[in-house]
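What follows is the residue order along each chain.
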Amino acid sequence: MYKFNNRNMLLALCAIAENDEKILYPLYGGLGGQSAFNTSALHNTYGYAAVTDKNRLVFVRFNAFGMPVDNGSYYLENMVSMKVSKFLKLHTIKASFDVNGKKKKFWFQANEVVHGTDFYYQKINLPLFISALEKFSL
């Protein structure tokens, strides 16, 4: 089973980065749109997201068993809309991107603190990640 930790996060994000691209503000959280109608945690997807120095949003998604589901990236200049909400220490980011004339949605939930892990920089990276995205929101 895949272990969610800082080392694996950086390896997974670097694997989808372009050759000379640097990963900035990596985060662990929920990816995709969990629904209130899902009665099982098995439907939830988790993963990593980061911004790069080339103004791309990169992400890697895993299922509840830690198996890779997909990965991808969006250019931040293609962002159409973005909304950030906060409940206690949980931040929800919803963004839309125009990719070749099609609207692609990005949904990410990240907590400031991830207990029982070595994601020590989560609290520092979260506001920086949001700020980097906000620079490109309309």
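Structure first, text after, so check above.
Residues numbered from 1 in each chain as written. Predicted model: local features only at pLDDT ≥ 70, side-chain atom pairs only at ≥ 80, totals over all residues. Heavy atoms only, no water.

1. Thoughts on the environment of Gly116
Here is the rule we go by: Only runs of H or I of at least four residues qualify as helices and only runs of E of at least two qualify as strands under DSSP, and these elements are numbered from the N terminus.
Residue placement: Gly116 occurs in the loop between β7 (102-111) and α2 (122-134). For Gly116 and Asn5, which are 111 residues apart along the polypeptide, the C-alpha to C-alpha distance reads 9.8 Å.

2. Looking at a nonpolar patch on the surface
Test applied: Patches draw on residues past 30% relative accessible area with no salt bridge. Two like charges within 9 Å are joined, as are two nonpolar side chains (Val, Leu, Ile, Met, Phe, Trp, Tyr) within 5 Å. Here the open area of atoms and residues is found with the Shrake-Rupley method and a 1.4 Å probe, where only the protein chains shown may cover a residue. Counted as salt bridges are all cases of a side-chain nitrogen of Lys or Arg within 4 Å of a carboxyl oxygen of Asp or Glu.
Where nonpolar side chains cluster on the molecular surface, the patch consists of Tyr120, Tyr121, Ile124 and Leu128 and spans about 470 Å² of accessible area. Its place among the elements puts Tyr120 in the loop between β7 and α2.

3. Description of the side chain of Glu21
Going by this rule: Think of a polar contact as two N or O atoms within 3.5 Å of one another; within protein, one of them needs to be a possible hydrogen donor and the other a possible acceptor, and neighboring residues in sequence only count if both atoms come from side chains. When checking whether two residues touch, look at their non-hydrogen atoms; a contact exists if any pair is within 4.5 Å.
The residue Glu21 is located in the loop between α1 (6-16) and β1 (23-31) in this model. Among the polar contacts listed, one links the side chain of Glu21 to the backbone nitrogen of Glu18, at a separation of 2.8 Å. A polar contact is formed between the side chain of Glu21 and the side chain of Arg56, at a distance of 2.7 Å. If sequence neighbours within four positions are ignored, Glu21 has contacts with Thr52, Asp53, Lys54 and Arg56.

Geometric values such as these leave the question of function open.
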